Amino acid sequence: MGIVLGPNRYGKAETRVVRVVRDGQRHELRDLNVSVSLSGDLDATHLAGDNAGVLPTDTQKNTVYAFAKEHGIDQPEDFALRLARHFVASQPTIHRARVHIEQHSWQRLGPHSFQRDGGETRTTTVTVDTAGEWVVSGLAGLVLLNSTDSEFWGYAKDGYTTLPETRDRILATAVDARWRFAAPTDWADSYPGVRAALVAAFVQTYSLSLQQTLYAMGRRVLEERPEVVEVRLALPNKHHLLVDLAPFGLDNPNEVFVAADRPYGLIEGTVLRSDAPSYDGAF
Ligand SMILES: O=c1[nH]c(=O)c2[nH]c(=O)[nH]c2[nH]1
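On a predicted model such as this, the values are computed, not experimentally measured, just so you know.

The rules we used
- Sequence order as written defines the numbering, with residues in each chain counted from 1.
- Side-chain atom pairs in this predicted model are given and counted only at pLDDT of 80 or more, local residue features only at pLDDT of at least 70, and totals for whole chains, interfaces and linings cover all residues.
- For the side-chain quantities, the full set of heavy atoms in the structure was used; hydrogens and water were omitted.
- Runs of H or I in DSSP of at least four residues are treated as helices and runs of E of at least two as strands, each being numbered from the N terminus.
- Note on contacts: a residue pair qualifies if any of its non-hydrogen atoms lie within 4.5 Å across the two residues.
- In this scheme, a helix's expected span is set at 1.5 Å multiplied by one less than its residue total.
- Only protein chains enter the calculation, and the probe is 1.4 Å; a residue is then buried if its accessible area is under 20% of its type maximum, exposed if over 50%, and partly exposed in between.
- Regarding the arc, it is the one traced by the directions from the helix axis to the C-beta atoms.
- One heavy atom within 4 Å of a molecule or strand is enough for the residue carrying it to be called near that molecule or strand.
- Whenever a nitrogen or oxygen atom comes within 3.5 Å of another N or O atom, the pair is scored as a polar contact, on the condition that within protein one atom can donate a hydrogen and the other can accept it, and that pairs from neighbouring residues in sequence are kept only if both atoms are in side chains.
- Note on areas: Shrake-Rupley, 1.4 Å probe, and residue coverage restricted to the protein chains presented here.
- When residues are grouped by polarity, Ala, Val, Leu, Ile, Met, Phe, Trp, Tyr, Cys and Pro land in nonpolar, Asp, Glu, Lys and Arg in charged, and all others, Gly among them, in polar.
- Fitting a line to C-alpha atoms yields each axis, with helices limited to the stretch in contact; the angle taken between N-to-C directions then spans 0 to 180 degrees.
- Angle categories: roughly parallel below 35 degrees, roughly antiparallel above 145, roughly perpendicular from 65 to 115, and oblique for all the rest.
- Crossing handedness follows the turn of the near helix against the far one: under a right angle anticlockwise gives a left-handed crossing, and clockwise gives a right-handed one.
- Just so you know, the domain bounds were taken from an automatic or database domain assignment.
- Buried area: the accessible surface (1.4 Å probe) lost by two parts on joining, summed over both.
- Here, a salt bridge means any Lys or Arg side-chain nitrogen found within 4 Å of an Asp or Glu carboxyl oxygen.
- For two strands to be treated as a pair, DSSP must find at least two bridges joining them.

**Topic: the side chain of Gln-75**
Line of reasoning, step 1. As for its placement among the helices and strands, Gln-75 is situated in the loop between helix 2 (57-71) and helix 3 (76-90).
Line of reasoning, step 2. Once residues lying within four places of it in the same chain are set aside, the contact partners of Gln-75 are Arg-30, Arg-122, Trp-187 and Ala-188.

**A word on helix 2**
Line of reasoning, step 1. Between its first and last C-alpha, helix 2 extends 21 Å over 15 residues, near the 21 Å set by a 1.5 Å rise per residue.
Line of reasoning, step 2. Here helix 2 has its buried residues at Gln-60, Thr-63, Val-64, Phe-67 and Ala-68. Relative to the axis of helix 2, the buried residues are bounded by an arc of 130° and lie together on one face. Looking at helix 2, the residues exposed on the side facing more than 90 degrees away from the buried face are Lys-69 and Glu-70.
Line of reasoning, step 3. Where helix 2 is buried, its residues meet strand 1 (15-23), strand 2 (26-40) and helix 3.

**Observations regarding the environment of Phe-248**
Line of reasoning, step 1. In this fold, Phe-248 is placed in the loop between strand 8 (240-242) and strand 9 (257-259).
Line of reasoning, step 2. For Phe-248, a relative accessible area of 58% translates into the label exposed.
Line of reasoning, step 3. For Phe-248 and Arg-273, which are 25 residues apart along the polypeptide, the C-alpha to C-alpha distance reads 54 Å.

**What to know about the site of the ligand**
Line of reasoning, step 1. The full set of residues close to the ligand is Phe-152, Leu-163, Arg-169, Ser-209, Leu-210, Gln-211 and Asn-237.
Line of reasoning, step 2. Here Leu-210 contributes a backbone N or O atom positioned 2.7 Å from an oxygen atom of the ligand.
Line of reasoning, step 3. Within the side chain of Gln-211, a nitrogen or oxygen atom sits 2.9 Å from a nitrogen atom of the ligand.
Line of reasoning, step 4. Within the complex, 71% of the 300 Å² of free accessible area of the ligand lies under protein.
Line of reasoning, step 5. Grouping the constituent residues of the shell around the ligand by class yields 3 nonpolar, 3 polar and 1 charged.

**Side note on the packing of helix 2 against helix 3**
Line of reasoning, step 1. Taken N-terminus to C-terminus, the directions of helix 2 and helix 3 make an angle of 130°; their axes are 11 Å apart at the nearest point. If you check the angle between helix 2 and helix 3, you find them oblique. Like other packed secondary-structure pairs, helix 2 and helix 3 cross with a definite hand, here right-handed. On helix 3, the residues that touch Gln-60, Thr-63, Val-64, Phe-67, Ala-68 and His-71 of helix 2 are Phe-79, Arg-82, Leu-83, His-86 and Phe-87.

**Some points on the domain arrangement of the protein chain**
Put simply, an interface is often sized by how much accessible area is lost when its parts join up.
Line of reasoning, step 1. Partitioning the protein chain into structural domains gives domain 1 (1-130) and domain 2 (139-283).
Line of reasoning, step 2. On a C-alpha basis, the centres of domain 1 and domain 2 stand 30 Å from each other.
Line of reasoning, step 3. Tallying the contact residues gives 14 residues for domain 1 and 12 residues for domain 2.
Line of reasoning, step 4. For the pair domain 1 and domain 2, the summed buried surface comes to about 1,100 Å²; carbon and sulfur atoms form 47% of the total.
Line of reasoning, step 5. Along the contact surface separating domain 1 from domain 2 lie 2 salt bridges.
Line of reasoning, step 6. Ionic pairing is found between Glu-120 and Arg-195, a salt bridge with its closest N-O pair at 2.8 Å.

**Let's talk about the environment of Arg-122**
Line of reasoning, step 1. Mapping Arg-122 onto the fold places it in strand 4 (residues 113-129).
Line of reasoning, step 2. Expressed as a C-alpha distance, the spacing of Arg-122 and Leu-32, which sit 90 residues apart in the sequence, is 9.5 Å.
Line of reasoning, step 3. Apart from residues no more than four positions distant in its own chain, Arg-122 is found in contact with Gln-75, Pro-76, Glu-77, Ile-101, Glu-102, Gln-103, Gly-138, Leu-139, Trp-187 and Tyr-191.
Line of reasoning, step 4. Within the structure, Arg-122 has its side chain in polar contact with the side chain of Gln-75 (distance 2.8 Å).
Line of reasoning, step 5. At a separation of 2.9 Å, a polar atom in the side chain of Arg-122 contacts the side chain of Glu-77.

**A closer look at the pairing of strand 5 (residues 132-146)**
Line of reasoning, step 1. In terms of strand pairing, strand 4 meets strand 5 through 9 bridges, oriented antiparallel. Considered in strand 5, the bridge of Val-126 is made with Val-135.
Line of reasoning, step 2. Between strand 4 and strand 5, which pair antiparallel one after the other, the connecting turn spans 2 residues.
Line of reasoning, step 3. Of the pairings in the sheet, the one linking strand 5 to strand 6 (residues 171-181) comprises 10 bridges and is antiparallel in character. Residue Leu-145 lies in a different strand from strand 6, and its bridge partner there is Ala-172.

The structure is reproduced here in structure tokens:
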């Protein structure tokens, strides 16, 4: 029985970089979490401990900080592309670089004062190799809630089913969305446009299931944003359970709920153009 080394990659995960642009009194702030992952001819280090082709993860981290100073950080997609191209172009052993960025946003409170926004992050995953460049952008932690216009009934039932059917419930989720582009685009214009399409579809869809809402959200992005060819969504169903107030002699017409923490339904799906170009990057 032979034993061989299978696919492998390595890199520095979660380099936290905050870049302040200090042009006069009014400062600008960028706050990123950058993860680099490199692959290529790395057999020697795994099989013989020969590190000649290994660019240390510590160097990768330093490159993130140096590029933040030298080139600044505007759109996370551009910063990720710059880093990924650099690692592939400068290291003969590295044939593919994947750079994933989470951007935290801050609200301005004054010329040099900021308040961190809630849990929402903007993300991008860039893959560069000798065959091409692929960009997937996204967002995570966008928490949305409709307090009505959501039903769930007519589902399959068996001996273990206890869920009551409902014609009026709270529908809430924390959107985890990723979308891919066929070609480079105006990242600064695209991101708020895709986000707005996702939010509009959630708000405007009368929902018979979170699955139906998921499809409506992906479809809306593809209808409104020609630069996007595929949308992947993971939507946790953040259950809000009606509290039984009858023991206290009170009725509860959809007013008082327990916001359940776990378990939660997890609804996942991909919506794409039927002629979407093929893809060899990382989602
Ligand atoms: O929108 C929903 N989809 C489901 O698949 C499901 N399952 C469940 O228990 N509640 C819900 N809600």
